Amino acid sequence: NQFRLRIGSPEALLNGKAMSLDAPPRVIGGVTYVPLRFVSEAMGAQVSWDNARRTVVIEAAGNVAEVKTGG
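Residues numbered from 1 in each chain as written. Predicted model: local features only at pLDDT ≥ 70, side-chain atom pairs only at ≥ 80, totals over all residues. Heavy atoms only, no water.

Asker: Give me the lowdown on the sheet that holds strand β2 (residues 11-14), citing residues and values where you can.
Answerer: One open sheet holds the 3 strands; their spatial order is β1-β2-β3, and the pairing between them is antiparallel. The sheet is open, and its two borders are formed by β1 (3-5) and β3 (17-20), each paired with just one other strand. Each strand of the sheet is rotated relative to its neighbour by a mean of 30°, with strand direction disregarded. Where β2 meets β3, 4 bridges bridge the pair, whose relative direction is antiparallel. Note on β3: the bridge partner recorded for Leu14 is Lys17. (Pairing = 2+ DSSP bridges. Helix = DSSP H or I, 4+ residues; strand = E, 2+ residues; numbered from the N terminus. Axes fitted to C-alpha atoms, helices over the stretch in contact; angles between N-to-C directions.)

Okay, here's the thing in structure tokens:
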């Protein structure tokens, strides 16, 4: 898969097809932030939310990554 994101744009291209984003990519303090779900799913991963642990779970090719949210 190939995807393109533009800073500040609520739209991305995935394999040439326009898609809406939940949140646009942005730069804060010199660091670029991208929508985690979109990027993960564009690369073929399954994304889920564990509400009890307030954690995003990303699974791809037998690997699991967990991202704890702040707060």
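Asker: Before we move on, could you go through the sheet that holds strand β8 (residues 63-68) and cite the residues and values that matter?
Answerer: The strand order β6-β7-β8 describes an open sheet built from 3 strands, whose pairing is antiparallel. Pairing within the sheet leaves two strands with one partner each, and these edge strands are β6 (46-50) and β8. For this sheet the average axis-to-axis angle between neighbouring strands, irrespective of direction, equals 20°. In the sheet, strand β7 (residues 55-60) pairs with β8 via 6 bridges, with the strands oriented antiparallel.

Asker: Give a detailed account of the pattern of salt bridges, specifying residues and quantitative values.
Answerer: For the structure on display, the rule yields 3 salt bridges. Between Asp50 and Arg53 there is a salt bridge; the shortest N-O distance is 3.4 Å. Given the relative accessible area of 38%, Arg53 is considered partly exposed. Ionic contacts of the salt-bridge type, sharing partners, join the residues Asp50, Arg53 and Glu66 into one network. (Salt bridge = Lys/Arg side-chain N within 4 Å of Asp/Glu carboxyl O. Buried < 20%, exposed > 50% of the residue type's maximum accessible area, 1.4 Å probe, protein only.)

Asker: Which residues make up the packing of aromatic side chains, and what values go with them?
Answerer: The tally for this structure, following the rule as stated, stands at 1 aromatic pair. Between Phe3 and Phe38 the ring centres are 5.8 Å apart and the planes differ by 90°, which places this aromatic pair in the edge-to-face class. Of the two residues, Phe3 sits in strand β1 while Phe38 sits in helix α1 (residues 36-42), which places them 35 residues apart along the sequence. Judged by relative accessible area, Phe3 falls into the partly exposed class, the value being 27%. (Phe/Tyr/Trp six-rings, centres within 6.5 Å; stacked < 30°, edge-to-face > 60°.)

Asker: Any chance you could break down the nonpolar core for me, citing the residues and the numbers?
Answerer: The biggest cluster of nonpolar side chains holds 6 residues, and these are Ala12, Leu14, Leu21, Phe38, Val39 and Ala42. Counting residues per element, the ones that place at least two in this core are β2 and α1. With sequence-adjacent residues up to four places away left out, Phe38 is seen in contact with Phe3, Leu5, Ala12, Leu14, Met19 and Leu21. (Core = buried A, V, L, I, M, F, W, Y, C linked by side-chain atoms within 4.5 Å. Contact = heavy atoms within 4.5 Å.)

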